[in-house]
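# Breakdown of the fold
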Amino acid sequence: MPDRSFLDWPFFEQRHRDWAEKLDTWCAKNLPVDHGDVDAACRDLVARLGEAGFLKPTALDTANPGPLDVRTLCLTRETLARHDGLADFAFAMQGLGTGAISLFGTPEQQQWLDRTRAGKAISAFALSEPRSGSDVANMDMTATRDGDDYVLSGEKTWISNGGIADLYTVFARTGEAPGAKGISAFLVPADTPGLEVAERLDVIAPHPLARLSFNDVRVPASALIGKPGEGFRIAMSVLDVFRSTVGAAALGFARRALDETLDRAGNRELFGAPLFDLQMVQGHLADMALDVDAAALLVYRAAWTKDMGAPRVTREAAMAKLFATDRAQQVIDRAVQIHGGDGVRRGHIVESLYREIRALRIYEGASDVQKVVIARQIK
Ligand SMILES: Cc1cc2nc3c(=O)[nH]c(=O)nc-3n(C[C@H](O)[C@H](O)[C@H](O)COP(=O)(O)OP(=O)(O)OC[C@H]3O[C@@H](n4cnc5c(N)ncnc54)[C@H](O)[C@@H]3O)c2cc1C
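The text that follows walks through the structure, step by step, so that each part is easy to find.

Turning our eyes to something else, we now look at the overall build of the protein. Along its length, the protein carries 11 helices and 10 strands. Scaling as 2.2 N^0.38, a compact globule of 379 residues should have a C-alpha radius of gyration of about 21 Å, and the protein matches this with 21 Å. If one aligns the C-alpha atoms of the protein with their principal axes, the spans along those axes are about 80 × 40 × 40 Å. The buried share of the protein, taken over its 379 residues, is 55%. Taking the contacts inside the protein whose residues are at least 6 apart along the sequence as the reference set, 73% of them involve residues at least 24 apart. Entry remark: accessible area of the protein is about 16,400 Å², with carbon and sulfur atoms responsible for 53%. Averaged over its 44 positive side-chain charges, the protein has a centre that lies 4 Å from the centre of its 51 negative ones.

As structure tokens, then:
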């Protein structure tokens, strides 16, 4: 039985507890899904999550505008990740892909949000490039003004939902100033001529992922999100909201690993007694539980702080992401160990968690980058 006692923590309101319970019930009935065809699985997950109303927190409600509720985003990612990594992915990208539009979009651009929140359109966030992942301000892709249009040229890579998205938030150099101050954000519908999937990328926990090429992609000036030169600030504002949710997903994976391990240790007999009775195993379980609770405290502190109106939660979100993802890796590694040979058997739940967790320590700012961010914040 998963530990739900954290829901009583003062970070949450009753609506959060109700939401988590409702979602958990839905997940128990509908997840996990077959990951054989990740494109089809993601399309289906987005449609079904949307139909059930669970994508609503991912973006601004245009009929009732207000800030995104980061606690709900985190609770949702934690719960989905505990049941199925691909479901968490499908949910997360609807938020990350539209974050810039929720926070800085025009009313016309925000019309997309009714569709993404209903699961009727899929979104993606296109920031990284082959030469600039961590060093994002060094991007090469250009957007050149041409009359009433901008023309986008270059490449984006590691783009989640690349190939199945209906709309992309794309960052490109418009040249107002060198480096970070010369980047702008654009809303680019997937069917815009010149936007092509150059390569599909296969990773250890597969999801739709692609390298995209922009061959003179012409968009109207109304596709600009925010003002020219504000793209880097927009990207950082979006990550400020969504970074702690990566920690929440890691927390969901770690919780599942702990639950599976408790179950295993209780049921497997070794040396004439349950595995649980070995004190070394108890030591591992205690360390796992400690990591899970400490990660939860950091994740929900970051979410609560943002929800209470803090303009930025750079330090809190970086700490939450760094700690929760790194410790989840350790928790899952211990789970694999305690499962013995079964832990590395393809298709076993802890084997899939072992693969699922790894990329979270790299994307949306690698662990080392989070350390640099934290150090700068505490200086
Ligand atoms: C599964 C997956 C999904 C992704 N989805 C998206 C997406 O949807 N949209 C998108 O735009 N991008 C996405 N990314 C890209 C991701 O954000 C980048 O991979 C990440 O920022 C790292 O960039 P890089 O791969 O170029 O590695 P590099 O920038 O080459 O960094 C390599 C390593 O160097 C170290 N390092 C880097 N900078 C520093 C520093 N300042 N101090 C100390 N050490 C440092 C870190 O250990 C880092 O992991 C995704 C990546 C993956 C793996």
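Additional details are given in the paragraphs that follow.
Turning our attention to helix 10 (residues 349-358). Taken residue by residue, helix 10 has Val350, Glu351, Ser352, Leu353, Glu356 and Ile357 as its buried positions. Buried residues along helix 10 sit in contact with helix 4 (85-96), helix 7 (231-267) and helix 9 (314-338).

Where strand 2 (residues 142-146) and strand 3 (residues 149-160) come together, 5 bridges link them in antiparallel fashion. Of the residues in strand 3, the one forming a bridge with Asp146 is Asp149. Once strand 2 ends, the chain turns through 2 residues before running back antiparallel as strand 3, passing Gly147 with a positive phi of about 65 degrees.

A few words now on the site of the ligand. If you check the shell around the ligand, you find 19 residues, and the closest are Phe125, Ser128, Ser134, Trp158 and Asp368. Ser128 places a polar side-chain atom, nitrogen or oxygen, 2.7 Å from a nitrogen atom of the ligand. Ser160 has a polar side-chain atom sitting 2.9 Å from a nitrogen atom of the ligand. Here the ligand has 970 Å² of accessible area as a free molecule, and 66% of this is covered by the chains. Elements represented by at least two residues in the shell around the ligand include exactly strand 3 and helix 11 (367-378). Class assignment of the residues belonging to the shell around the ligand gives a composition of 12 nonpolar, 5 polar and 2 charged.

Let's shift gears to the pattern of salt bridges. All chains considered together, the criterion is met by 27 salt bridges. With a shortest N-O distance of 3.2 Å, Arg71 and Glu13 are connected by a salt bridge. Here Glu13 lies in the segment before helix 1 (14-30) and Arg71 lies in helix 3 (residues 70-83), a separation of 58 residues in the sequence. Across the pair Arg345 and Asp342 runs a salt bridge, and its minimum N-O distance is 3.1 Å. For Arg345, a relative accessible area of 53% corresponds to the exposed category. Connected via shared salt-bridge partners are Glu13, Arg15, Asp69, Arg71 and Asp307.

Moving on, we come to the nonpolar core. Judged by nonpolar contacts, the single largest core of 112 residues is most densely connected at Leu152, Phe171, Phe186 and Tyr300. Considering each element in turn, this core owes the most residues, 16 residues, to helix 7. Residues contacting Leu152, with those up to four places away along its chain left out, are Met141, Thr142, Ala143, Val170, Phe186, Val188, Phe214, Asn215, Asp216, Val217 and Val219.

Here Thr76 is to be found in helix 3. Polar side-chain contacts of Thr76 include one of 2.8 Å to the side chain of Trp19. Ignoring anything within four residues of it in the chain, the contact list for Thr76 reads Trp19, Leu23 and Phe91.

Criteria and cut-off values
Residues numbered from 1 in each chain as written. Predicted model: local features only at pLDDT ≥ 70, side-chain atom pairs only at ≥ 80, totals over all residues. Heavy atoms only, no water. Helix = DSSP H or I, 4+ residues; strand = E, 2+ residues; numbered from the N terminus. Rg over C-alpha atoms; globule rule 2.2 N^0.38 Å. Buried < 20%, exposed > 50% of the residue type's maximum accessible area, 1.4 Å probe, protein only. Contact = heavy atoms within 4.5 Å. Areas by Shrake-Rupley, 256 points an atom, 1.4 Å probe, with all protein chains shown as cover. Lys, Arg positive; Asp, Glu negative; His and termini not counted. Charge placed at Lys NZ, Arg CZ, Asp CG, Glu CD. Pairing = 2+ DSSP bridges. Near = heavy atom within 4 Å. Polar contact = N/O pair within 3.5 Å; in protein donor to acceptor, adjacent residues only side chain to side chain. Nonpolar A, V, L, I, M, F, W, Y, C, P; charged D, E, K, R; others polar. Salt bridge = Lys/Arg side-chain N within 4 Å of Asp/Glu carboxyl O. Core = buried A, V, L, I, M, F, W, Y, C linked by side-chain atoms within 4.5 Å.

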